[in-house]
Amino acid sequence: MHTLIRGSLISAVLLSGAVLGASQAVAADSGKITIMVGGITKMIYLPAKLTEQLGYFKEEGLDVELQSQPAGVDAENELLAGAVQAVVGFYDHSIDLQSKGKEVTAITVFGQVPGEVEMVATKAAASIKSMADVKGKTLGVTGLGSSTNFLTQYLAAKNGISSNQYSVLPVGADNTFIVAIKQGRIDAGMTTEPTVSQLLKSGDASVLVDMRTVEGTVKALGGLYPASSLYVQRPWLNTHKVEAAKLARAFVKTLKFINTHSAAEIADKMPKDYYGNNKPMYVQALQNSLPMFSADGKMPPGGPETVLQVLSGFNPNVKGKHIDLAKTYTNEFVSTAK
C-alpha cells in the first residue's frame, strides 16, 4: 500500500516537473528575442538601438527586447546562462569561448575595427607617452575578461609589459569611467565614444592609442579587428535560422542607413537621453565613429585571423589551442539580406 502511494506521489512529482519544464521551455521560446548589449549607449553598439528606433525589427516581424549590461563579458554570461537569445558585443568573445568549450557564432558584424581608444589622464600624461610606459600604472577597463581587458593586455604585451607589471581596474563605461579618470583611480584606460569626446572636451584626458579608424587599428593591432557584432549560441542558431535571417536583415538595413546618412541625421533618430543637453558633441563623437562601421555586416577578410593572433599573444586559454574560426562567425544570413 505504502509502495503504491509512494509510487503515485513520485509519478505526480515527475509529471508536475515535466509540465513545469515544458512551460519554461515555452516561455523561453515564446517568440520574443531578448538581446543583451554590452553597454547600449556606447557608439560601438549604436546599431542595436538605432535598429529599434528605425522600426526595422518590427518590419521583419520580430519582437525584440534590448537590455544592457555595462561590460561585454557580463552580456556574454547572460547568453551562456540562457537568459537572453543574443548578444551585441565583441566578436573576440567567440574565440575566447571556443577555447573554453562553448560555441557562439557572430551572425552580423557591425564594426570592422574596435572603436576603442586608450585614454591617458592629463595628470599622468607626463609619465605615459605610449603603452611602453604603463609599468606600475593602473589601467581602466570596462570589466575583467572584457574585450577592453583583452586589448589592454595585448597592447601592453606588444610593448614588452607583462600583465603582472601593471594593475587593471574595472571601471565600466560612460560616467563611471570619467569619474575614475577625474579622481585619479586610473592613470589610463580604454573606452569608446561618446566618452572619448567628453574627456577631450573637459581636458581630463588625451588619446594614447586610437582604434576608431582602419589606419589606427592596423597600426596598433597589425590588421583589421572585427569587433562589435551580434552573436548567438550555436545550438540556438541551428534551430532558429528564420529568426537569425530576420535579425541579420534588420541590422544590415541599419548599417546601410549609417553609411548613407550624416552623423547629424543619425543622431536625430536616437533618443534624447543619448545626447542630453549637448547634441553637437554627440554628433561630433558620432562623426568620429562612423569609419568603424561595416557597410554590409559581413566578416572582413583576414579579420578573424588578426583577432586570433591578438588573443594568442597573451591569453593562456587561446594560446596553443586549435580554434576553428569557421565556427566563430557566418556570413550566411547577411549575404542574403537585401
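Model, not experiment: these values are computed from the prediction.

Peer 1: Looking at this structure, I do not really get the overall build of the protein. What am I missing?
Peer 2: Helix and strand content of the protein: 14 helices and ten strands. Here the C-alpha radius of gyration of the protein, 22 Å, is about what a compact globule of 338 residues would show, namely 20 Å. Considered along the principal axes of its C-alpha atoms, the protein spans approximately 85 × 45 × 40 Å. Residue burial in the protein is summarised as follows: out of 338 residues, 52% are buried. For the protein, the exposed surface amounts to about 14,400 Å²; the carbon and sulfur share of it is 53%. Mean positive and mean negative side-chain charge positions of the protein (31 and 29 charges, respectively) differ by 2 Å.

Peer 1: Is there a simple way to think about the sheet that holds strand E5 (residues 116-121) in this case?
Peer 2: Paired through their backbone hydrogen bonds, the strands of a sheet run either parallel or antiparallel. Taking strand neighbours across the sheet as the criterion, the five strands line up as E7-E6-E8-E5-E9 in an open arrangement whose pairing is mixed. Bordering the open sheet on either side are strand E7 (167-170) and strand E9 (205-211), each of which pairs with just one other strand. The sheet shows a mean angle of 25° between the axes of neighbouring strands, direction not considered. Summarising the sheet, strand E6 (residues 138-141) and E7 pair through four bridges and their orientation is parallel. Counted as the bridge partner of Val141 is Pro170 from E7.

Peer 1: Mind showing me how you'd approach the packing of aromatic side chains here?
Peer 2: Any two aromatic rings considered together are summarised by their centre-to-centre distance and by the angle between their planes. In total, this model carries six aromatic pairs according to the counting rule given. Chaining the aromatic ring pairs together yields one cluster made of Phe57, Phe110 and Phe251.

Peer 1: Any chance you could explain the pattern of salt bridges here in plain terms?
Peer 2: Opposite charge on two side chains makes pairing possible when the charged atoms of those side chains draw close. The tally for this structure, following the rule as stated, stands at 13 salt bridges. The salt bridge partner of Lys49 is Glu52, with a shortest N-O separation of 2.6 Å. In this pair, Lys49 and Glu52 both sit in helix H2 (residues 46-54), three residues apart, roughly one turn of the helix. Overall, the relative accessible area of 16% leaves Lys49 in the buried class. Judged by its relative accessible area of 30%, Glu52 falls in the partly exposed class. Salt bridges sharing partners connect three or more residues here, namely Glu59, Glu60, Arg249 and Lys253.

Peer 1: Honestly, the pairing of strand E3 (residues 86-90) in this entry has me stumped. Any pointers?
Peer 2: Within a regular strand, the side chains alternate between the two sheet faces. Counting buried residues in E3 gives five out of five residues, a clear majority hidden from the surface. Here strand E1 (residues 32-37) runs beside E3; their pairing, made up of three bridges, is parallel. Each residue of the ladder has a partner; that of Ile35, found in E3, is Ala86. Two elements, E3 and strand E10 (residues 228-233), share four bridges in a ladder whose sense is antiparallel.

Peer 1: How do you make sense of the nonpolar core when you look at a structure like this?
Peer 2: Nonpolar side chains in soluble globular proteins generally cluster together in the buried interior. Ile35 and Leu247 are the most contacted members of the largest nonpolar core, which totals 95 residues. Here this core takes ten residues from helix H11 (residues 241-260), the largest share from any one element. Excluding residues that lie within four positions of it along the chain, Leu247 makes contacts with Ile33, Ile35, Phe57, Leu62, Val64, Leu230 and Trp236.

Peer 1: Where do I start with the environment of Glu118 in this structure?
Peer 2: Considering the arrangement of structural elements, one finds Glu118 in strand E5. Between the alpha carbons of Glu118 and Ala180 there is a distance of 14 Å; along the sequence they are 62 residues apart. If sequence neighbours within four positions are ignored, Glu118 has contacts with Met131, Leu139, Thr152, Ala188, Gly189, Met190, Ser206, Val207, Leu208 and Val209. Within the structure, Glu118 has its side chain in polar contact with the backbone nitrogen of Gly189 (distance 3.2 Å).

Peer 1: For this particular structure, what's the right way to read the packing of helix H6 (residues 147-158) against helix H9 (residues 214-221)?
Peer 2: Angle between the axes and distance between the axes are the two parameters that describe a pair of packed helices. Two elements in contact, H6 and H9, have axes whose closest approach is 10 Å; the angle formed by their N-to-C orientations is 60°. Judged on the interaxial angle alone, H9 and H6 are oblique. Only Lys219, Ala220 and Leu221 of H9 make contact with H6, whose side of the interface consists of Leu151, Tyr154, Leu155 and Lys158. Residues belonging to the contact of H6 with H9 are distributed by class as follows: five nonpolar, no polar and two charged.

Peer 1: Sorry if this is basic, but what is going on with the sheet that holds strand E4 (residues 104-109) here?
Peer 2: In spatial order, the strands read E2-E1-E3-E10-E4; together these five strands make up an open sheet with mixed pairing. Every other strand in the sheet has two partners, leaving strand E2 (63-68) and E4 as the edge strands with one partner each. Between one strand axis and the next, the sheet turns by 30° as a mean value, whatever way the strands run. Relative to E2, E1 is paired through six bridges, and the arrangement is parallel. What sits directly across from Ile33, in E2, is Val64.

Cut-off values and rules
Residues numbered from 1 in each chain as written. Predicted model: local features only at pLDDT ≥ 70, side-chain atom pairs only at ≥ 80, totals over all residues. Heavy atoms only, no water. Helix = DSSP H or I, 4+ residues; strand = E, 2+ residues; numbered from the N terminus. Rg over C-alpha atoms; globule rule 2.2 N^0.38 Å. Buried < 20%, exposed > 50% of the residue type's maximum accessible area, 1.4 Å probe, protein only. Areas by Shrake-Rupley, 256 points an atom, 1.4 Å probe, with all protein chains shown as cover. Lys, Arg positive; Asp, Glu negative; His and termini not counted. Charge placed at Lys NZ, Arg CZ, Asp CG, Glu CD. Pairing = 2+ DSSP bridges. Axes fitted to C-alpha atoms, helices over the stretch in contact; angles between N-to-C directions. Phe/Tyr/Trp six-rings, centres within 6.5 Å; stacked < 30°, edge-to-face > 60°. Salt bridge = Lys/Arg side-chain N within 4 Å of Asp/Glu carboxyl O. Core = buried A, V, L, I, M, F, W, Y, C linked by side-chain atoms within 4.5 Å. Contact = heavy atoms within 4.5 Å. Polar contact = N/O pair within 3.5 Å; in protein donor to acceptor, adjacent residues only side chain to side chain. Parallel < 35°, antiparallel > 145°, perpendicular 65-115°, else oblique. Nonpolar A, V, L, I, M, F, W, Y, C, P; charged D, E, K, R; others polar.

Geometric values such as these leave the question of function open.
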